[in-house]
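Chain and residue survey
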Amino acid sequence: MATSPRTGSEQANEPGAGDGARSDSCSYVVAGMTCAHCVASVRDEVSELPGVEVLDVDLESGRLVVGGSAAGDRGAVEAAVEEAGYSLEPA
């Protein structure tokens, strides 16, 4: 059975959360999102990447936070965002 990445609030309820245990994470800025459907499209594509454990997409700021072993793989994250129809802002 496939599991979906935890959101930030779900991670906060995990055992070990708040006691120094944390997953590596990276933040990105997604260009072009204008609605909840945009957020869902980005979330769906990025959540399919191997190693994504935590995922948060914020419409207002355009911020995408990816946690887990996939966090620092900008190329993979960028490809997933582009598959959803959007782009990452330059680093």
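Residues numbered from 1 in each chain as written. Predicted model: local features only at pLDDT ≥ 70, side-chain atom pairs only at ≥ 80, totals over all residues. Heavy atoms only, no water.

Description of helix 3 (residues 74–83)
Residues of helix 3 that are buried include every one of V77, A80 and V81, and no others. Along helix 3, the residues classed as buried sweep out an arc of 100° about the axis, all on the same side. Where helix 3 is buried, its residues meet strand 1 (25–31), helix 2 (36–47), strand 3 (63–68) and strand 4 (87–88). Just downstream of helix 3, G85 is the residue with a positive phi angle, here 100°. (Buried < 20%, exposed > 50% of the residue type's maximum accessible area, 1.4 Å probe, protein only. Helix = DSSP H or I, 4+ residues; strand = E, 2+ residues; numbered from the N terminus. Arc of directions from axis to C-beta. Contact = heavy atoms within 4.5 Å.)

Thoughts on the confidence of the model for the protein chain
Across the protein chain, the average pLDDT comes to 83, with 74% of residues at or above 70. Per-element averaging of pLDDT across the protein chain places helix 1 (residues 8–12) at the bottom with 44 and helix 2 at the top with 98. Note that residues 9–22 has pLDDT below 50 and, in this model, eight contacts with residues that lie over four places away or in other chains. (pLDDT = per-residue confidence, 0-100.)

Some details on the sheet that holds strand 1
In spatial order, the strands read 2-3-1-4; together these four strands make up an open sheet with antiparallel pairing. In this open sheet, the two strands that pair with only one neighbour each are strand 2 (52–57) and strand 4. Here five bridges tie strand 1 to strand 3, and the two strands are oriented antiparallel to one another. Paired with S27 across the strands is V65, a residue of strand 3. (Pairing = 2+ DSSP bridges.)

Thoughts on the state of the cysteines
Such a bond, covalent and formed between the sulfur atoms of two cysteines, is termed a disulfide. If you walk through the whole model with that rule in mind, you get zero disulfides. Between C38, a cysteine without a disulfide, and C35, which holds the nearest cysteine sulfur, the sulfur-to-sulfur distance is 3.5 Å. (Disulfide = S-S within 2.5 Å.)

Brief notes about the packing of helix 2 against helix 3
One can describe the packing of helix 2 onto helix 3 by two numbers: an axis separation of 8 Å at closest approach and a directional angle of 135°. Our classification of the angle between helix 2 and helix 3 gives oblique. For the element pair helix 2 and helix 3, the recorded crossing hand is right-handed. The segment helix 2 lies against helix 3, with V42, E45 and V46 engaging A80, V81 and E83. Across the contact of helix 2 with helix 3, the residue classes break down as four nonpolar, no polar and two charged. (Axes fitted to C-alpha atoms, helices over the stretch in contact; angles between N-to-C directions. Parallel < 35°, antiparallel > 145°, perpendicular 65-115°, else oblique. Left-handed = near helix turned anticlockwise from the far one by under 90°. Nonpolar A, V, L, I, M, F, W, Y, C, P; charged D, E, K, R; others polar.)

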